[in-house]
Amino acid sequence: MPWWVATRERTLLSESNSHPTGAVAAADAEVELVPATHPSEKRTFGELLTSDLRALPVIIGLVALWIFFILQNDVFLTPRNLSNLLIQSTVVGVMALGLMFVLLVKEIDLSVAAINGVTAVLMAKLIVEFGASPWVAIPLAIVVGALIGCVSARWVTFVGVPSFVVTLGLGLGLNGLQLILLPTTARYGLMGTSVETIALAKIDGLAAWGVLAIGVGLYGLLVLSSIVRRRRAGLSVSMVKGLALPLVGVTLFGAVVVAILNAHQGIPVVTLVFSALLGLGGYVLNETQFGLHLYAVGNNDEAARRAGIKVSRVKMAAFAIAGGISAIAGVIGASRSLGVGVFSGGGVGGGTLLLECIAAAVIGGVSLFGGRGSIHAPLLGSLVIGSVQNGLNLMGVHDEIRLIVTGLLLVLAVSIDKLIEKFTGQQSF
Amino acid sequence: MSEPMAAVAGRPNEAASQAPLISMRDIRKSYGSVHALRGASLDVLPGEVVALVGDNGAGKSTLVKVMAGVIGFDSGDYLLEGQPAKIRTPADATALGIQTVYQDLSLCNNLDAVQNLFLGRELTGPRWFGRRVRRAECEVRAREVLARMRLGSLSLTRPVGAMSGGQRQNIAIARSILWTPKVVIFDEPTAALSHSAAAQVAALIRSLADDGLGVVVVSHDIHHFVVNSTDRIEVMRLGGNVASFRSKDVTGEQVVNAMVGGNEGANLAV
Ligand SMILES: Nc1ncnc2c1ncn2[C@@H]1O[C@H](COP(=O)(O)OP(=O)(O)OP(=O)(O)O)[C@@H](O)[C@H]1O
Ligand SMILES: [Mg+2]
């Protein structure tokens, strides 16, 4: 009997419910099938570094940065400064979060900073010149941002021009539009429009703890529902690793943050907005079908297409999310600077804002080659960049040094990632 | 049918007399000036494994892609159970019960086995909840299918990019049978596999046909797999059909002759 005439498994396709798991009828087996070799589910540390623990190097780096700044300056660790640091990191963090959706599908949006600027100016114009309520102007700005994202996506997927080119050109065009929208004074002040209060508003005391409780509660429900589902389906569940550990971790982390912030006026509303976006983004990326399709398209768009995923629609959604979220960041930025002008959206060309939000995503672990990156990336990345800015400021170091340090950290972060892949022999996904 | 096969398969060879599941007639397809298919035909019968063989560039993969809805064709008829098939996208083909295991496997390396198995057809919660993937249910079904393929201990949580070629091949095959298809098409399923892994795949392909499915296999492994583990052999050359054999009636040499243009093979054509 030659090797290729192997065991027949006739029952392979019979109705699934008639076959309890593992029951394989191979009565007339002549050659015992060699079971595929299976590495056990226990993973080595190297493997963990490229999967579940991918954030570890960035977290270690962030802690090292903090220790350095704490040793340099006693002000760094004060609640007041940490609160400032969070507010400073928000615009870049929010932008990085939006951009991440585009990076995940293996595209790039170089117009996010320009969208940020132009929608902020549009909002200000509506409020200042046309007397629109912020409740109308802000949602409108967000919708316009999303629509701009749709246009780039359409151009990229339909015409086939690389997103790098489309969004580079579009960004410049939007910069021009931003200048056109501005009045001759080149500035709209937002004092007294109540937009300026967004960046100042804080939620303190019991209310802050209430907000934390709601956040933890929602997260708990999510984790619990997964566990219950697995239980019902008869799959193994680990109450400690699956439920207790994440919940306790999140609660502790949140409690520390809230306690610190409450020691200085409370949770900034912009931090709350960022947190809410992170929570929502995490849900979308980790739990929903759309999130899964983002990763699939980013890794292998042809496989995704063959699997019936509408690739161009997924990409359009990603660009729309990036555009809409850039507009949200634009509103926050406008509120922080109490007005809009040429400088909004990082100024012409996107300035450091564009570079920093790309850097934040990449430092946090989002790949520019698609299909890789988790929701903690924009948070960690923007905290690294924000900490460098804040810490060096406190040390009285000039801006030029800050840019050099940020640049080095970006290259370092990606290098560490590559080195881990090299030494563990594992490709991270 | 070759002797051992008939014995083991244990079913009368009535397949040939049944109506074809898929009938491709005179399919033409050009890429610009390259005529990839110049009037290719193929019938897929239930319970039968048909091998599609030919030299590199003969048009096998192109024909497979037309069947799978990955590419369109310029002219010809594509009949599914006697009716013109309305297949414009790969999703149309899958919905109509035609599953394909592609030469490149078409897996997403950053996703795990369960996610790959259900890709594009995830079991999800309601729309207003953002279509949350019902991971637990997907996992249970994935486990069932893998267990039936004797792959019960395959890791369900590690990215498939970190797996061996054989394991990835198995996942691609598992995906193709997950939704109980009518026809499964394999493009070079054994090319990258060790002997034992290839034997497993051959066994699996046979078991699909035994369950009444139509199976198409593109293969270059003429002397082993094609002549021994299939029922019928269609030889393609330069985008057309040049010969057709019952696998039990031919030797590997005759098939190879037909592939490269020798004439003696064609005399045995059915
Ligand atoms: N996307 C494409 N664009 C242009 N020409 C193509 C394309 N795909 C295939 N061809 C051409 O069509 C012909 C048939 O290719 P096909 O891939 O179907 O061959 P094949 O029989 O599968 O070969 P192999 O055994 O090497 O896989 C070849 O001449 C090939 O160069
Ligand atoms: Mg081919």
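Structure's up top.
Calculation rules
- For every chain, the first residue of the written sequence is number 1, and numbering continues from 1 onward in sequence order.
- Ligands are numbered from 1 and chains lettered from A, in the order in which they are written.
- Side-chain atom pairs in this predicted model are given and counted only at pLDDT of 80 or more, local residue features only at pLDDT of at least 70, and totals for whole chains, interfaces and linings cover all residues.
- Each side-chain value is worked out from all heavy atoms of the structure, with water and hydrogens disregarded.
- Helix axes are fitted only over the stretch in contact, all axes being lines through C-alpha atoms; the angle between N-to-C directions runs from 0 to 180 degrees.
- A helix here means a DSSP run of H or I that spans at least four residues, while a strand means a run of E at least two residues long, and both kinds are numbered starting from the N terminus.
- For this classification, under 35 degrees means roughly parallel, over 145 means roughly antiparallel, 65 to 115 means roughly perpendicular, and everything else is oblique.
- Two helices that cross are described as forming a left-handed crossing if the nearer one is turned anticlockwise from the farther one by less than a right angle, and a right-handed crossing if clockwise.
- The contact criterion used throughout is that any non-hydrogen atoms of two residues lie within 4.5 Å.
- Expected span of a helix, by definition, is 1.5 Å for each gap between consecutive residues, and there is one gap fewer than residues.
- Whether a residue is buried, partly exposed or exposed follows from its accessible area with a 1.4 Å probe, protein chains only, as a fraction of its type maximum: under 20%, in between, or over 50%, in that order.
- Any two strands between which DSSP finds at least two bridges are classified as paired.
- Between Lys or Arg on one side and Asp or Glu on the other, a salt bridge is scored when a side-chain nitrogen of the former is within 4 Å of a carboxyl oxygen of the latter.
- For the purposes of this section, nonpolar cores are sets of buried Ala, Val, Leu, Ile, Met, Phe, Trp, Tyr and Cys residues that join through side-chain atoms within 4.5 Å.

A. Region of the structure containing the packing of helix α9 (residues 269-287) of chain A against helix α10 (residues 289-299) of chain A. Residue and element names in this part refer to chain A. Remark: α9 packs on α10, axes separated minimally by 5 Å, with the N-to-C direction vectors making an angle of 70 degrees. Between α9 and α10, the crossing angle belongs to the class labelled roughly perpendicular. As for the relative orientation of α9 and α10, their crossing is right-handed in sense. On the side of α9, the interface is formed by Val284, Leu285 and Glu287, while α10 contributes Gln289, Phe290, Gly291, Leu292, Leu294 and Tyr295.

B. Structural detail: helix α14 (residues 376-394) of chain A. Residue and element names in this part refer to chain A. With 19 residues, α14 should cover 27 Å at 1.5 Å per step; its first-to-last C-alpha distance of 26 Å lies within 8% of that length. Burial of α14 is extensive: 14 of the 19 residues sit out of reach of the surface. Remark: Gly396 follows α14 within two positions and exhibits a positive phi of approximately 75 degrees.

C. A look at the sheet that holds strand β4 (residues 75-80) of chain B. All names here are of chain B. Taken in spatial order, the 4 strands of this open sheet run β2-β1-β4-β5, and their pairing is antiparallel. Two strands bound the open sheet, and with one partner strand each, they are β2 (34-44) and β5 (83-84). The pairing of β4 with β5 spans 2 bridges and is classified as antiparallel. Paired with Leu80 across the strands is Gln83, a residue of β5.

D. Examining the pattern of salt bridges more closely. What the rule picks out here adds up to 22 salt bridges over all chains. In this structure, Arg305(A) and Glu302(A) form a salt bridge, with 3.3 Å as the shortest nitrogen-oxygen distance. Taken together, the residues Arg305(A) and Glu302(A), both in helix α11 (residues 301-306) and 3 residues apart, mark about one turn of the helix. Relative accessible area serves as the criterion here: at 32%, Arg305(A) is assigned to the partly exposed category. Glu139(B) is the salt-bridge partner of Arg143(B), the closest N and O atoms lying 3.0 Å from each other. Here Glu139(B) and Arg143(B) lie together in helix α5 (residues 135-148), a separation of 4 residues that amounts to about one turn.

E. Region of the structure containing the nonpolar core. By size, the foremost hydrophobic cluster in this structure holds 125 residues, and its most contacted members are Val53(B), Phe186(B), Ile233(B), Val235(B) and Val255(B). The greatest single-element share of this core, amounting to 15 residues, is contributed by helix α3 (residues 79-104) of chain A. The next biggest cluster of nonpolar side chains, apart from the first, holds 30 residues, and it includes Val50(B), Ile71(B), Leu80(B) and Ala93(B).

F. Quick look at the environment of Ala198(B). All names here are of chain B. Tracing the sequence through the fold places Ala198 in helix α7 (residues 195-210). A residue is classified by how much of its surface remains accessible, and Ala198, at 4% relative accessible area, is buried. The sequence separation of Ala198 and Ser23 amounts to 175 residues, and the corresponding C-alpha distance is 28 Å.

In short, the description is geometric, and any link to function would need to be established separately.
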